[in-house]
Amino acid sequence: MDTNNLTTFRKTLVGVQFLFVAFGATVLVPLLVGLDPSTALFTAGIGTFIFHLITKGKVPIFLGSSFAFIAPIIAASKEWGMPGTLASFAGVALVYFVMSVLVKWQGKALLDKIFPPVVIGPVIILIGLSLSGSAVDMAKTNWLLAFVSLITAILVLTLGKGLFKLVPVISGIIVGYIVAMFIGEVDFKPVQEAAWFALPSAISNFHLPHFALEPFLYMIPVAIAPVIEHVGDVYVVSAVADKDFVKEPGLHRTMLGDGLACLAASLFGGPPVTTYSEVTGAMSITRVTQPQVIRIAALTAIVFSVIGKLSALLRSIPTAVLGGIMLLLFGTIASVGIHNLIQHRVDLNQTRNIIIISVTLTMGIGGAVLSFGGFSMSGIGLAAIIGVVLNLVLPSENKADK
């Protein structure tokens, strides 16, 4: 089946499926930091539309709640309160804006120098592998449900025909949910008590965030990690869609779009948003990379945010069911990073390349943390920066030197 020539019905079906992929992570972040999950769905949808507007509707990327800000939000809210913390997300947007200007000024040459394939490849691998822990944690809450969902998705993906082949995620969730119902793992009480229509609290009680300089400055360095991840994700999406989005519409536009989406999240009371590797993994599996499908997912997120019972029903999906699906998707992302290294023929006979890849992966997977005063960086962000620095300082090797 030609996935680039889908009917409206099929686009809608796949778009809803993509939202199912992003739903768990999008609502988990606000639940952990004390924000409204319905608001997070709303800002994810609005942010995605803003991103697509800025990128001329060409880049199939979904924006959802960023895991990078969980710890900083908790720390900032204790120090300055949630109103000040929400306003500080404008600092995240500022970082994206500055990077957008720099990329526009220097063009792709700057990217090729700072983010060559030998750096981007392992960062993409880390994006997938760093999420694997979350997938396992979700799955191990009930391995039976996780494996039922995972096996169903695999069977649909490998044996499915036509339209059915495009819905491995929905199929896995439905089968896993049915099994969960039979073994008593679904709590329907919240669904029964929920209203049919309910605006997210940040919209029904809308007020501008309270700006304060301290949390604003605190959040700026935290944004470095998701900005670097953004670059890797754009390369991943380019590889999956087989188009160079770094060149057209340009990385400066994708960064500007992400920054404006974070600014909108700040105004509406949602967590900062970021490019979602989960949805990119779903695109890699289904081979559906049309931006219209992503916008359908964004619209569905907005609809879910205002339909109380539907949102409650989605929240009743057992964590293990979503975890089983994530076991498949996150590994797919890591494999795209390996493909990136192979496609660009990164020479692993060069010592400098081995060093860059090895140290980047070790620092990222090992959970290295760099602290300086009240600022700390870890995970993908720290590993990516180390990879960039090593690439810039290590001398190039000539074949004659071997």
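Parameters at a glance
- Residues numbered from 1 in each chain as written.
- Predicted model: local features only at pLDDT ≥ 70, side-chain atom pairs only at ≥ 80, totals over all residues.
- Heavy atoms only, no water.
- UniProt positions renumbered as here; feature names shortened; annotations may be inferred.
- Helix = DSSP H or I, 4+ residues; strand = E, 2+ residues; numbered from the N terminus.
- Core = buried A, V, L, I, M, F, W, Y, C linked by side-chain atoms within 4.5 Å.
- Buried < 20%, exposed > 50% of the residue type's maximum accessible area, 1.4 Å probe, protein only.
- Contact = heavy atoms within 4.5 Å.
- Expected span 1.5 Å × (residues − 1).
- Bend = angle between axes of the 7 residues up to and from the residue.
- Patch = residues over 30% accessible without salt bridge, like charges linked within 9 Å, V, L, I, M, F, W, Y side chains within 5 Å.
- Areas by Shrake-Rupley, 256 points an atom, 1.4 Å probe, with all protein chains shown as cover.
- Salt bridge = Lys/Arg side-chain N within 4 Å of Asp/Glu carboxyl O.
- pLDDT = per-residue confidence, 0-100.
- Phe/Tyr/Trp six-rings, centres within 6.5 Å; stacked < 30°, edge-to-face > 60°.
- Axes fitted to C-alpha atoms, helices over the stretch in contact; angles between N-to-C directions.
- Parallel < 35°, antiparallel > 145°, perpendicular 65-115°, else oblique.
- Nonpolar A, V, L, I, M, F, W, Y, C, P; charged D, E, K, R; others polar.

Under the annotation held in an unreviewed UniProt entry, the protein carries the name Uracil-xanthine permease and is attributed to Prevotella bivia DSM 20514. The record held by UniProt for the protein lists under Sequence similarities (unreviewed entry) the comment "Belongs to the nucleobase:cation symporter-2 (NCS2) (TC 2.A.40) family." Under Subcellular location (unreviewed entry), UniProt gives the following word-for-word description of the protein: "Membrane".

Colleague: Would you take a moment to explain unusual backbone geometry for this structure?
Modeller: In terms of backbone geometry, most residues other than glycine have negative phi values and most peptide bonds are trans. With an omega dihedral of 10°, the bond running from Glu-248 to Pro-249 counts as a cis peptide bond. At Lys-56, a residue that is not glycine, the phi angle is positive and equals roughly 60°. Inspection of the secondary structure puts Lys-56 in the loop between helix H2 (37–54) and strand E1 (63–65). Unusually for a residue other than glycine, Asp-242 sits at a positive phi of about 60°. Among the secondary structure elements, Asp-242 is positioned in the loop between helix H11 (224–241) and helix H12 (246–268).

Colleague: I would appreciate a short explanation of the nonpolar core in the present structure.
Modeller: For soluble globular proteins, the rule of thumb is that nonpolar side chains tend to be buried together. Within the largest apolar cluster, 100 residues are counted, with the highest numbers of intra-cluster contacts made by Phe-18, Phe-62, Ile-173, Ile-317 and Leu-329. Beyond its immediate stretch of four places on either side in the chain, Phe-18 contacts Val-279, Ala-282, Met-283, Thr-286, Val-288, Val-293, Ile-294 and Ala-297.

Colleague: Whenever I open this one, helix H16 (residues 319–343) confuses me. Can you help?
Modeller: Each turn of an α-helix holds 3.6 residues, which means side chains three or four residues apart point in the same direction. The end-to-end C-alpha distance of H16 is 36 Å, a good match for the 36 Å that 25 residues give at a rise of 1.5 Å each. Of all the bends in H16, the greatest measures close to 30° and is centred on Met-326. Arg-345 lies just past H16 and shows a positive phi near 50°.

Colleague: So what exactly am I meant to see when it comes to a nonpolar patch on the surface here?
Modeller: On the surface, Val-136, Trp-143, Phe-147, Ile-151, Leu-155 and Leu-159 cluster together into a nonpolar patch covering about 560 Å² of accessible area. Top element by residues in the nonpolar patch is helix H6 (residues 143–159). It accounts for five residues. Within the element layout of this structure, Trp-143 appears in helix H6. For Trp-143, a relative accessible area of 37% corresponds to the partly exposed category.

Colleague: I keep staring at the confidence of the model for the protein and nothing clicks. Help me out?
Modeller: Close inspection of predicted coordinates is inappropriate for parts of the model with low pLDDT. In this model, the protein carries a mean pLDDT of 82, and residues with pLDDT of at least 70 account for 89%. In the model of the protein, strand E4 (residues 375–378) stands out as the element of lowest mean pLDDT, 61, in contrast to H2, which has the highest, 93.

Colleague: Which parts of the structure should I look at to understand the side chain of Arg-352?
Modeller: Assignment of secondary structure puts Arg-352 in helix H17 (residues 351–366). Residues contacting Arg-352, with those up to four places away along its chain left out, are Leu-390, Asn-391, Leu-394, Pro-395, Ser-396 and Glu-397.

Colleague: Would you take a moment to explain the packing of aromatic side chains for this structure?
Modeller: Aromatic ring pairs: the centre-centre distance and the angle between the two ring planes describe each pair. Under the criterion given, the structure shown has four aromatic pairs. Measuring from ring centre to ring centre gives 6.3 Å for Phe-62 and Tyr-276, while their planes differ by 55°; the resulting arrangement is tilted. Taken together, the positions of Phe-62 in the loop between H2 and E1 and Tyr-276 in the loop between strand E2 (273–275) and helix H13 (277–286) put the pair 214 residues apart, joining distant regions of the chain. The pair formed by Phe-62 and Tyr-276 is uniform in burial state, with each residue classed as buried. Between the aromatic rings of Trp-143 and Phe-147, the centroid separation amounts to 5.4 Å while the plane-to-plane angle is 25°, which identifies the pairing as stacked. Taken together, the residues Trp-143 and Phe-147, both in helix H6 and four residues apart, mark about one turn of the helix.

Colleague: For this particular structure, what's the right way to read the packing of H13 against H16?
Modeller: Packed helices, taken two at a time, are described by the angle between their axes plus the distance between the axes. Contact geometry of H13 with H16 gives a least axis separation of 8 Å together with a crossing angle of 85°. When the axes of H13 and H16 are compared, the pair comes out roughly perpendicular. In contact with Ser-277, Glu-278, Gly-281, Ala-282, Ser-284 and Ile-285 of H13, H16 contributes Met-326, Leu-328, Leu-329, Phe-330, Thr-332, Ile-333 and Val-336. Looking at the contact of H13 with H16, its residues break down into eight nonpolar, four polar and one charged.

Colleague: Help me understand the environment of Leu-260 in this model?
Modeller: Tracing the backbone through its elements, the reader meets Leu-260 in helix H12. As for Leu-260 and Ile-54, which are separated by 206 residues in sequence, their C-alpha atoms are 9.0 Å apart. Look past the residues within four positions of Leu-260 in its chain and what remains in contact with it is Ile-50, Ile-54 and Phe-97.

Colleague: How do you make sense of the environment of Gln-292 when you look at a structure like this?
Modeller: With respect to the secondary-structure elements, Gln-292 resides in helix H14 (residues 291–306). We classify Gln-292 as partly exposed; its relative accessible area is 32%. Remark: the alpha-carbon pair of Gln-292 and His-52, spanning 240 residues in sequence, is separated by 9.5 Å.

Colleague: How do you make sense of the pattern of salt bridges when you look at a structure like this?
Modeller: Side chains that differ in charge, positive against negative, can pair when their charged atoms come close. On inspection of all chains with the given rule, the structure shows three salt bridges. Note that Glu-248 and Lys-56 form a salt bridge whose closest N and O atoms lie 3.6 Å from each other. Highlighted residues: Glu-248 in helix H12 and Lys-56 in the loop between H2 and E1, separated in sequence by 192 residues. A salt bridge links Glu-248 to Lys-58, with the nearest nitrogen and oxygen atoms 2.6 Å apart. With a gap of 190 residues between them, Glu-248 in helix H12 and Lys-58 in the loop between H2 and E1 connect regions that are remote in the sequence. Where salt bridges share partners, they join Lys-56, Lys-58 and Glu-248 into one cluster.

Colleague: What exactly am I supposed to notice about the side chain of Asn-353 here?
Modeller: Structurally, the position occupied by Asn-353 is in helix H17. Using a relative accessible area of 7% as the deciding quantity, one classes Asn-353 as buried. In contact with Asn-353, other than residues within four places in its own chain, are Val-118, Val-346 and Asp-347.

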